[in-house]
Structures are given as C-alpha cells and as structure tokens.
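Secondary and tertiary structure notes
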Amino acid sequence: MKSLVVSAFGCLTLASVALFAEGPNNPANFEIAKKQMSEMAEKRMAVIKDFKSCVDAATDTNGLKECRKKEAQAMKALRP
C-alpha cells in the first residue's frame, strides 16, 4: 500500500513538471513569445509608416480615404 502511494505521488510529480514545462513559466516560452511580439510590432510599425507616407502624399479627401482603406486592409491581413 505504501509503495502504491509513493508511486502515485511520483507520477503526479512528473506530470506536474511536464505541465509546467509547457506553461508560461518556462523561460523558453518567454523567449518565443518575446520574439513573436517583437516581429508583430515591426510589421505593424511598417504598416503605420506606409500609412503616414500615404497621408503626407495625399492631395485631397479621396486620397486620405484611400490611405485609410489600405491601412485597414494591411492591419487586417496581419491578424491571425
């Protein structure tokens, strides 16, 4: 009986270690998330830079509307 309890406790310990290795507390997951967020920020900044260039080059209201449409489409394409 005692060995059964000890082995069950050991199995639970191993299972919890495996779960934490996959969770947000794993430093490897932090680095992956940081890299992905940085890449996404770069992509959004590029879209906004293009949008600003378009707005600066616009000569009328229709040009501004077209810039906004392009920016909205580009941001929508970035969403997962």
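First, a word on what this report is: a plain description of the structure on this page. Given the structure is predicted, the values throughout are model-derived calculations rather than measurements.

**A word on helix α3 (residues 61-78)**
- Here α3 is 18 residues long and its end C-alpha atoms lie 26 Å apart, about the 26 Å a rise of 1.5 Å per residue gives.
- Within α3, burial applies to C67, E71 and M75. The arc enclosing the buried residues of α3, seen along the axis, measures out at 65°, which places them on a common side. In α3, those exposed residues whose orientation departs by more than 90 degrees from the buried face are N62, K65, K69, K70, Q73, K76 and A77.

**Topic: the state of the cysteines**
- All told, the structure shown has 1 disulfide when counted by the stated rule.
- Note on cysteine connectivity: C54 is disulfide-linked to C67, with sulfurs 1.9 Å apart. With the S-S bond torsion at -85°, the cross-link from C54 to C67 turns out left-handed. Of this pair, C54 sits in helix α2 (residues 27-57) while C67 sits in helix α3, and the two are 13 residues apart along the sequence.
- Residue C54 is classed as partly exposed on the basis of its relative accessible area, which comes to 22%.
- By relative accessible area, C67 is classed as buried at 2%.

**Overview of the pattern of salt bridges**
- Within this structure, the stated rule accounts for 3 salt bridges.
- Its salt-bridge partner being E39, residue K35 comes within 4.0 Å of it at the nearest N-O pair. With a gap of 4 residues between them, K35 and E39 both fall in helix α2, about one helical turn apart.
- For E39, a relative accessible area of 40% translates into the label partly exposed.
- Across the salt bridge formed by K52 and D56, the nearest N and O atoms sit 3.0 Å from each other. Of the two residues, K52 and D56 are both situated in helix α2; the distance of 4 residues between them amounts to about one turn of the helix. Exposure class is identical for K52 and D56. Each is exposed.

The rules behind the values
Residues numbered from 1 in each chain as written. Predicted model: local features only at pLDDT ≥ 70, side-chain atom pairs only at ≥ 80, totals over all residues. Heavy atoms only, no water. Helix = DSSP H or I, 4+ residues; strand = E, 2+ residues; numbered from the N terminus. Expected span 1.5 Å × (residues − 1). Buried < 20%, exposed > 50% of the residue type's maximum accessible area, 1.4 Å probe, protein only. Arc of directions from axis to C-beta. Disulfide = S-S within 2.5 Å. Salt bridge = Lys/Arg side-chain N within 4 Å of Asp/Glu carboxyl O.

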